Amino acid sequence: MNILQKNCVACALICILSVTAAPARSTEKTTVCLQWTPQAQFAGFYAARDKGIYKKYGLNVTIIHAGPKCPVVKTIASGEATFITSFLTSAIKFRADGLKVVDIAQMSRKSALMFVAKKSRGIKNPLDLEGKKIGLWFAGFQETPKALLKKYAPKAKIVEVFTGIELLMYDGIDALTVMRYNEYHTLLNHGIDPEELTVMNFADFGFNIPEDGIYCLEKTLKDNPELCRKFVQATFDGWRYAFKNKDEMLEIIAARMRQANVPFNKAHQIWMLKEMENLIFPESKDSVRLPETTYLKAANILKSDGIIKTIPPYKQFYQPVLKNVQK
């Protein structure tokens, strides 16, 4: 073996030893349960997972979904999930019932809830809902709609709806609870013109209570605050990626939905993605994502309706891990 060959062998050995000696970058495993079936409502989580953003923060995140037959609260109570998403009102009830969840990131800044009705039914505003049949979701999320009805139409007849828009389409009910980013656009996709509908945004009638937030148990935040911070930071990075790359995200969302046997409609999912951007990163520059006044309004709705007996203290419930979140 000549000198050149010896040097090559030596270099090769050094490279092998260097690779062997270098410690593998470890990732911390965790699970998030999203409160409904796969759709663009959760695009930020999909982007963070599929584009390696969670991995960049040292996280190995498994995403699971709740739904009408599997409430999200069960997954965090059992330890199946470390993080969950939830409506604010639902999470306040979880806390008041004894499950010590904390809001570590209020994603949505304003309410997307609406009542919609056909103008042909003579409904122009919430007062016209008095005595009418109103569809409310069977699988929870009823607190704010019930509060609005209590104020404007206390004699309205509540009809529990599992999911879908068919009862409104075929005049089985007079009005339906919808999310602007979801069921409202589904109605339009089914051929109803916007001019045919009366739209009652909850925010326009004193019920601007934001919905989606990220939650964990109080113990998780206390024991591992860095995990919580990294998860939230990576998720918002995922949202930024999703909003800047909408066409690519549609492919990712489609794959998630088809894997779960959920029908995919491209026009509907792009509508939802755009509406989520308006909810998470609105034009307002206000850095306070859940003001105490908003929290207390939501909690008082629950208390006045007998859903909770006591209001959890704001500072115990809302413990954001990021001081500010900008687009």
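For the structure given in this document, a descriptive report is provided here. (Residues numbered from 1 in each chain as written. Predicted model: local features only at pLDDT ≥ 70, side-chain atom pairs only at ≥ 80, totals over all residues. Heavy atoms only, no water.)

1. Focus: the nonpolar core
This is how it is decided: Remark: nonpolar core denotes a set of buried residues (Ala, Val, Leu, Ile, Met, Phe, Trp, Tyr, Cys) joined through side-chain atoms within 4.5 Å. Think of it in three bands: with a 1.4 Å probe and only protein chains considered, a residue is buried below 20% of the maximum accessible area for its type, exposed above 50%, and partly exposed in between. Helical segments are the DSSP runs of H or I of at least four residues, strand segments are the runs of E of at least two, and each set is numbered from the N terminus. Here, residues are in contact when the closest pair of their heavy atoms is within 4.5 Å.
Ranked by size, the top nonpolar core spans 96 residues in total, and within it Phe45, Ile104, Phe236 and Trp239 carry the most contacts. Broken down by element, the residue count for this core peaks at nine residues, all from helix 10 (residues 225-244). Setting aside residues no more than four positions away along its own chain, phenylalanine 45 makes contact with Val32, Leu34, Tyr54, Ile63, Thr85, Met107, Ile214, Phe231, Thr235 and Trp239. Core analysis: the second largest hydrophobic core is formed by 13 residues, Met114, Val116, Leu176 and Ile192 among them.

2. Looking at empty space enclosed by the protein
Formally: Of the two site types, the cavity is a set of points on a 1 Å grid over the protein atoms alone where a 1.4 Å probe fits but cannot get out, and the pocket is an open set with protein on both sides within 12 Å along at least five of seven lines, each lined by residues with an atom within 4 Å of a point. Grid points are joined across faces, edges and corners, and a volume is the space filled by probe spheres set on the points. Each residue is assigned to one of three groups, with Ala, Val, Leu, Ile, Met, Phe, Trp, Tyr, Cys and Pro labelled nonpolar, Asp, Glu, Lys and Arg labelled charged, and all others, Gly among them, labelled polar.
Per the stated rule, a full pass over the model turns up two cavities of 30 Å³ or more. Volume-wise, the largest cavity comes out at about 60 Å³. Lining of the largest cavity is provided by 14 residues; of these, Ala105, Arg289, Pro320, Leu322 and Val325 occupy positions nearest its centre. Counting only elements with at least two residues in the lining of the largest cavity, the list comes to strand 4 (101-106) and helix 10. By residue class, the composition of the lining of the largest cavity is nine nonpolar, three polar and two charged.

3. Comments concerning the packing of helix 2 (residues 43-50) against helix 11 (residues 246-259)
Stated formally: Every axis corresponds to a line fitted to the C-alpha atoms, with the helix fit spanning only the stretch in contact, and the corresponding angles, defined between N-to-C directions, vary from 0 to 180 degrees. Angles below 35 degrees are treated as roughly parallel, those above 145 as roughly antiparallel, those between 65 and 115 as roughly perpendicular, and all remaining angles as oblique.
The contact between helix 2 and helix 11 brings their axes to 10 Å, and the two run at 95°. One way to sum up the angle between helix 2 and helix 11 is to call them roughly perpendicular. Mapping the contact onto sequence places Ala43, Tyr46, Ala47, Arg49 and Asp50 in helix 2 and Met249, Ile252, Ile253 and Arg256 in helix 11. Among the residues making up the contact of helix 2 with helix 11, the classes are represented as six nonpolar, no polar and three charged.

4. Here we look at the layout of surface pockets
By volume, the largest pocket amounts to about 740 Å³. Along the wall of the largest pocket there are 31 residues; nearest its centre are Trp36, Gln39, Thr163, Asn182 and Glu183. Going through the elements one at a time, helix 8 (183-189) and helix 12 (266-280) are the ones with two or more residues in the lining of the largest pocket. Within the lining of the largest pocket, the residues separate by chemical class into 16 nonpolar, 13 polar and two charged.

5. Considerations on helix 11
Put simply, the test is: The span you would expect from a helix comes to 1.5 Å times its residue count less one.
Relative to the 20 Å expected for 14 residues at 1.5 Å per residue, helix 11 spans 20 Å between its end C-alpha atoms, a close match to the ideal helical length. Residues of helix 11 that are buried: Lys246, Met249, Leu250, Ile252, Ile253, Ala254, Arg256 and Met257. Contacts from the buried residues of helix 11 go to helix 2, strand 2 (59-65), helix 10 and helix 12. Two residues or fewer past helix 11, asparagine 261 is found with a positive phi of approximately 60°.

Remember that the coordinates give geometry; whether it matters functionally is a separate question.
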